[in-house]
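# An overview of the molecular structure
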Amino acid sequence: MINEAMRRLVSESSGDGAWAEIAERADAPETYAVMSYYDDAVTYALVGAASEVLGTPADELLRDFGHYWSTRVGPENYSDILGATGTDVVSVLSNLDEMHARLQSLYPGLRPPSFSVTGDGGGSVEVRYGSERTGLASFVVGLLEGLGDLYSTPASVEHLSSPTSAQPYDVFRVTLER
Ligand code: HEM
């Protein structure tokens, strides 16, 4: 699902030829079945190759991709699931673990992330993101900014800290305009 969404974004913004070159450079397939499992190494290789071919830093691509996922892929391809998860940024984030867990019961190979939200003093919340994977903080920034745009409450997102052994999650401050 993630690899296929990346293909769609790159093809839309840079053309099918750019995507073909990226897939070749990553030694990866050009298309992906949405609910099949692919090794994470394929996804990381695609991001690295896209960064080289498009001349854009990987973190910038991941952030753009997160935004695209929240504003286009989620609402266009998974609107039922997204609608059942929540109706604004905070409710979606609060119910995300339960939603990913339901998907995991259907697709036991999934290793979903974990999100929690705290505080709501004046439209600003702290979001914790835990994952078995590394290097996806910029993807999460884009996802959060995209959710802000999707629900018409533009979000400014600050990455406050990266995981440590004592605190095994990223922390973000998300400030919503209402
Ligand atoms: C209808 C909506 C959604 C569906 C169907 C969905 C489904 C999935 C699936 C299938 C994966 C791959 C997990 C794996 O292969 O191990 C995934 C990963 C992920 N999802 Fe969702 N998701 C949705 C919404 C969201 C939203 C709104 C956010 C965040 C704000 C989010 C955050 C993530 C992140 C960060 C990952 C990467 C995995 C990691 O960090 O280890 N998802 N999701």
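Residues numbered from 1 in each chain as written. Predicted model: local features only at pLDDT ≥ 70, side-chain atom pairs only at ≥ 80, totals over all residues. Heavy atoms only, no water.

## Structural notes on helix α3 (residues 40-54)
Rules: Numbering goes from the N terminus for both helices and strands, where a helix is a DSSP run of H or I of at least four residues and a strand is a run of E of at least two. What a helix is expected to span follows from its residue count: subtract one and scale by 1.5 Å. We call a residue buried when its accessible area falls under 20% of the maximum for its residue type, exposed when it is over 50%, and partly exposed in between, using a 1.4 Å probe and counting protein chains only. The criterion used for residue contact is that any of the two residues' heavy atoms lie within 4.5 Å. The term polar contact refers here to a pair of N or O atoms within 3.5 Å; inside protein, the definition further demands a hydrogen-donor-capable atom paired with an acceptor-capable atom, and it admits residues adjacent in sequence only when both atoms are side-chain atoms.
In this model, α3 (15 residues) spans 21 Å end to end at C-alpha, consistent with the 21 Å of a helix rising 1.5 Å per residue. Along α3, the residues that are buried comprise Asp40, Leu46, Val47, Ala49, Ala50 and Ser51. Along its buried surface, α3 packs onto α1 (2-14), α2 (16-25) and α4 (58-77). In this structure aspartate 39 caps α3, since a side-chain oxygen of it lies 2.9 Å from the backbone nitrogen of alanine 41.

## Structural notes on the domain arrangement of the protein
As a reminder, the rule being used: Delimitation of the domains relies on an automatic or database domain assignment. Two parts placed together each lose some accessible area under a 1.4 Å probe, and the buried area is that loss summed for both. In what follows, salt bridge is the name for a side-chain nitrogen of Lys or Arg lying within 4 Å of a carboxyl oxygen of Asp or Glu. For this scheme, ten residues count as nonpolar: Ala, Val, Leu, Ile, Met, Phe, Trp, Tyr, Cys and Pro. Four count as charged, namely Asp, Glu, Lys and Arg, and the remainder, Gly too, count as polar.
Once the domains are mapped, the protein shows domain 1 (2-56) and domain 2 (88-176). If you average the C-alpha positions of domain 1 and of domain 2, the two centres end up 24 Å apart. Listed per partner, the contact involves five residues of domain 1 and seven residues of domain 2. Roughly 500 Å² is buried in total at the junction of domain 1 and domain 2, and carbon and sulfur atoms are behind 53% of that figure. The largest contributions to the domain 1 side of the interface with domain 2 come from Met35, Asp40 and Tyr44, which together make up 76% of the buried area. Counting across the domain 1 and domain 2 interface gives two salt bridges. Salt-bridge contacts for arginine 111 lead to aspartate 40; the nearest nitrogen and oxygen are separated by 3.1 Å. Between the two partners, domain 1 and domain 2, sit three residue pairs in polar contact (both at pLDDT 80 or more). A per-class count over the side of domain 1 that touches domain 2 returns four nonpolar, no polar and one charged.

## What to know about the coordination of the iron atom of the ligand
Which entries qualify depends on this criterion: Each metal's donors comprise the N, O and S atoms found within 2.8 Å of it (within 3.2 Å for Na, K or Ca). Water is not part of the atom list, so some coordination spheres may appear incomplete.
The sole protein-derived ligand of the iron atom of the ligand is His100 (NE2), positioned 2.1 Å away. If you trace the backbone, histidine 100 turns up in helix α6 (residues 89-106).

## Brief notes about the site of the ligand
For the record, the criterion: Residues are labelled near a given molecule or strand when at least one of their non-hydrogen atoms is within 4 Å of it. Buried and open spaces are told apart on a 1 Å grid over the protein atoms alone, a cavity being a set of points where a 1.4 Å probe fits but cannot get out and a pocket being an open set with protein on both sides within 12 Å along at least five of seven lines. Residues with an atom within 4 Å of a point are the lining residues. For a cavity or pocket, the test is whether more than half of a molecule's atoms lie within 2 Å of its grid points; if they do, the molecule sits there.
The local shell around the ligand holds 22 residues, among which His100, Arg111, Tyr129, Ser131 and Arg133 are the closest. Between the ligand and the protein, one listed contact pairs an oxygen atom with a side-chain N or O atom of tyrosine 129 at 2.5 Å. With respect to the pocket detection grid, the ligand is positioned in the largest pocket. Secondary-structure elements contributing two or more residues to the shell around the ligand are α5 (79-85), α6 and α7 (137-150). Residue contributions to the shell around the ligand peak at five residues, all from α6. Looking at the shell around the ligand residue by residue, the classes come out as 18 nonpolar, two polar and two charged.

## Describing the nonpolar core
The cut-off we apply is this: Residues grouped as a nonpolar core are buried Ala, Val, Leu, Ile, Met, Phe, Trp, Tyr and Cys residues, joined through side-chain atoms within 4.5 Å.
Counting 47 residues, the largest nonpolar core has Trp19, Leu46, Leu93, Phe172 and Val174 as its most contacted members. The leading source of residues in this core is α7, at seven residues. Looking at this core, you find at least three residues from each of domain 1 (2-56) and domain 2 (88-176).

## Brief notes about the packing of α1 against α2
How we decide: Fitted lines through C-alpha atoms give the axes, limited to the stretch in contact for helices. The angle between two N-to-C directions lies from 0 to 180 degrees. Geometric relationships in this document are graded by angle, where less than 35 degrees denotes roughly parallel, more than 145 denotes roughly antiparallel, 65 to 115 denotes roughly perpendicular, and other angles denote oblique.
Packing of α1 against α2 brings their axes to within 7 Å, and their N-to-C directions diverge by 135°. In terms of their interaxial angle, α1 and α2 are classed as oblique. Between α1 and α2, the residues in contact are Asn3, Met6, Arg7, Val10, Ser11 and Ser14 and Asp16, Ala18, Trp19 and Ile22, respectively. Taken together, the residues that form the contact of α1 with α2 break down as five nonpolar, three polar and two charged.

## Observations concerning the layout of surface pockets
This is how it is decided: Grid points are joined across faces, edges and corners, and a volume is the space filled by probe spheres set on the points.
The volume enclosed by the largest pocket comes to roughly 1200 Å³. In terms of lining, the largest pocket is formed by 45 residues, of which the most central are Met1, Ile2, His100, Pro113 and Arg133. Of all the secondary structure elements, the ones that give two or more residues to the lining of the largest pocket are α1, α3, α4, α5, α6 and α7. It is α6 that contributes the most residues to the lining of the largest pocket, six residues altogether. Residue classes in the lining of the largest pocket are distributed as 32 nonpolar, ten polar and three charged. Summarising the domain contributions, the lining of the largest pocket has at least three residues from each of domain 1 (2-56) and domain 2 (88-176). Lining the second largest pocket are 13 residues; nearest its centre among them are Leu9, Val10, Leu54, Leu61 and Asp64. Those elements that provide at least two residues to the lining of the second largest pocket are α1, α3 and α4. At five residues, α1 tops the list of elements feeding residues into the lining of the second largest pocket.

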